[in-house]
Amino acid sequence: MLSEVVDTYKFYAETFACIPLKLVLFAALPFGTYVLFFRYYTFIREFTGIADLSRPNIMILPWLEELIFQCQPHRILAKMAHPVLDYIAAIPYLVHFPLPGLFALYLVVDKRRRPLVFRFMWCAGWVNLSALFIQLFFPTAPPWFADSAVFDKDNGQLISVQPVEAGFQRLDARLGVTIFHSIYSKSPVTFGAMPSLHVAWPMIILMSRPWINKKFAAFHVFWITWAALYSNHHYGVDAMAGILLVVLVFTMEKRVWSPFRCERDVPRHTVYRSPTRSYSESGVNRSTGHGFTQSVLPI
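Here we summarise the structure given alongside this text. The numbering scheme is per chain: residues are counted from 1 as the chain's sequence reads. Restriction of local features to residues with pLDDT of at least 70 applies here, the model being predicted, together with a cutoff of 80 or more for giving and counting side-chain atom pairs; totals for whole chains, interfaces and linings are based on all residues. Side-chain calculation: all heavy atoms of the structure are included, whereas hydrogens and water are not.

A short note on the nonpolar core
Residues Tyr93, Phe120, Val127 and Ile204 are the most contacted members of the largest nonpolar core, which totals 55 residues. A run of H or I in DSSP becomes a helix once it reaches four residues, and a run of E becomes a strand once it reaches two; helices and strands are each numbered from the N terminus. Looking at which element gives the most residues to this core, the answer is helix α10 (residues 116–137), with 13 residues. Should any heavy atoms of two residues lie within 4.5 Å, those residues are considered in contact. For tyrosine 93, the contacting residues outside a window of four places in its chain are Phe168, Phe180, Tyr184, His198, Ile224, Ala227, Ala228, Ser231, His233 and His234. Remark: nonpolar core denotes a set of buried residues (Ala, Val, Leu, Ile, Met, Phe, Trp, Tyr, Cys) joined through side-chain atoms within 4.5 Å. Summary of the burial criterion: residues with accessible area below 20% of their type's maximum are buried, those above 50% are exposed, and those between are partly exposed, where the area comes from a 1.4 Å probe applied to protein chains only. Counting residues in hydrophobic clusters, the runner-up holds five residues, among them Ala141, Trp144, Phe145 and Ala166.

Now the structure itself:
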């Protein structure tokens, strides 16, 4: 038993010891920028004057929903509310937050998948950052706000609105806790319905290197899309926008430019050279044998 614990410790110690810190920091730069902008979202809008120029839009998404679907799917799903469905919808929402870290760990622990971790970090960062810029300049109200907000007819002031946890308030009440209220009440981006990052993150995994298999990854995208509509957190067009954003970022990285490449993007025998080291398509550093050096950057 002790020997197994020691072997496991050695495995993970050797795995993480060979991670090139500079590449990790560079690959994480877009996501780190996203976190910073997300944290100071309200301050940025007010300081730059964007808050006065671009107020949250309540009508555009319901209009698009009716135009595309000839109905509002989230209202149909909300009518099917049931305690069992509440729990099923809560699972992908709670998994959403640790999802990028878990998937990155999944890539790192296998030598064959390690080179893909940088591409995943780079793509995930740009998807999140792009989505935040859309939400920064074009904030849109989620369905729970649009459907429940009551305004004063005289001065237009907000009188009442549904709690930010939307459909998950039923689950909080049933469990006697405030899990979802605590999560969403602290978010600085209340009016960030479109595009949906809840849908975008599983879509990134589907297009990167799906764990288990592609069918499960596709099911995850469908599951979170259903949960987002069922809980009144997103419109159908929000989910579509999240999926299209991921496809766009992936296409730009593959067809235009990306500092991190995979076998499908470059000729099989391409070798990248820098003043300090060489990188082959296999993603393995010839001098160390580690699989963490897949980059076109002279770092």
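Remarks on unusual backbone geometry
Residue methionine 194 is joined to proline 195 through a cis peptide bond whose omega torsion reads -5 degrees. Here proline 195 is to be found in the loop between α13 (179–185) and α14 (197–208). Positive phi, normally seen in glycine, also occurs at glutamine 70, with a value near 60 degrees. In this structure, glutamine 70 sits in the loop between α6 (60–69) and α7 (73–78). Accessibility expressed as a relative area gives 63% for glutamine 70, which makes it exposed. Of note in the backbone geometry, asparagine 232 takes a positive phi value of approximately 70 degrees without being a glycine. You can see asparagine 232 is positioned in the loop between α15 (214–230) and α16 (236–255).

Structural notes on the pattern of salt bridges
By definition here, a salt bridge exists when the distance from a side-chain nitrogen of Lys or Arg to a carboxyl oxygen of Asp or Glu is within 4 Å. Under the definition given, this model contains five salt bridges. With its nearest N and O atoms 2.8 Å apart, the salt bridge here joins aspartate 86 to arginine 170. Placement of the pair is aspartate 86 in helix α8 (residues 83–95) and arginine 170 in helix α12 (residues 169–175), with a sequence separation of 84 residues. Taking relative accessible area as the criterion, aspartate 86 reaches 2% and is therefore assigned buried. According to the relative accessible area criterion, arginine 170 is partly exposed, its value standing at 29%. For aspartate 110, the salt bridge goes to arginine 112, with nearest N and O atoms at 3.0 Å. Assessed through its relative accessible area of 15%, aspartate 110 is described here as buried. Judged by its relative accessible area of 69%, arginine 112 is exposed.

Things to note about the packing of helix α9 (residues 99–108) against α10
Lines fitted to the C-alpha atoms define the axes, with helices restricted to the stretch that makes contact. Angles between their N-to-C directions range from 0 to 180 degrees. Two numbers describe how α9 lies on α10: the axes approach to 9 Å, and their chain directions differ by 160 degrees. Classed by the angle they form, the pair α9 and α10 counts as roughly antiparallel. Every pair of crossing elements has a handedness; the one defined by α9 and α10 is right-handed. Between α9 and α10, the residues in contact are Pro100, Phe103, Ala104, Leu107 and Val108 and Leu116, Val117 and Phe120, respectively. Amino acids outside the nonpolar list (Ala, Val, Leu, Ile, Met, Phe, Trp, Tyr, Cys, Pro) and the charged list (Asp, Glu, Lys, Arg) are all regarded as polar, and Gly is one of them. The residue inventory of the contact of α9 with α10, partitioned by class, reads eight nonpolar, no polar and no charged. Here the word oblique covers every angle except those under 35 degrees (roughly parallel), over 145 (roughly antiparallel) and from 65 to 115 (roughly perpendicular). We call a crossing left-handed when the near helix sits turned anticlockwise from the far one by less than a right angle, and right-handed when that turn is clockwise.

Structural notes on the packing of aromatic side chains
The description of two aromatic rings rests on the distance between their centres and on the angle between their planes. The rule is short: rings of Phe, Tyr and Trp, with Trp giving its six-membered ring, pair when the centres are within 6.5 Å, and they are stacked under 30 degrees, edge-to-face over 60, tilted in between. In this structure the tally under the stated criterion is 17 aromatic pairs. Relative to tyrosine 34, the ring of phenylalanine 31 has its centre 5.6 Å away and its plane inclined at 50 degrees; by these criteria the two rings are tilted. A residue pair is termed a helical-turn pair when its members lie 3 or 4 positions apart in one helix, as phenylalanine 31 and tyrosine 34 do in helix α3 (residues 29–39) at three residues. Residue classification places phenylalanine 31 among the partly exposed positions, given a relative accessible area of 27%. Judged by its relative accessible area of 10%, tyrosine 34 falls in the buried class. Look at tyrosine 34 and phenylalanine 38: their rings are 5.8 Å apart centre to centre, the planes differ by 35 degrees, and that puts the pair in the tilted class. You can see tyrosine 34 and its partner phenylalanine 38 sitting in helix α3, four residues apart, about one turn around the helix. Through a chain of ring-to-ring contacts, the aromatic side chains of Phe26, Trp122, Trp126 and Trp257 assemble into a single cluster. For a ring to carry a charge above it, either NZ of a lysine or CZ of an arginine must fall within 6 Å of the ring centroid while also lying within 35 degrees of the normal to the ring plane. The positively charged end of arginine 39 is found above the aromatic ring belonging to tyrosine 40, 5.3 Å away from the centroid. Above the ring of tyrosine 106, the side-chain terminus of arginine 113 is found at 3.8 Å from the ring centroid.

Function-wise, these values are silent; they only describe arrangement.
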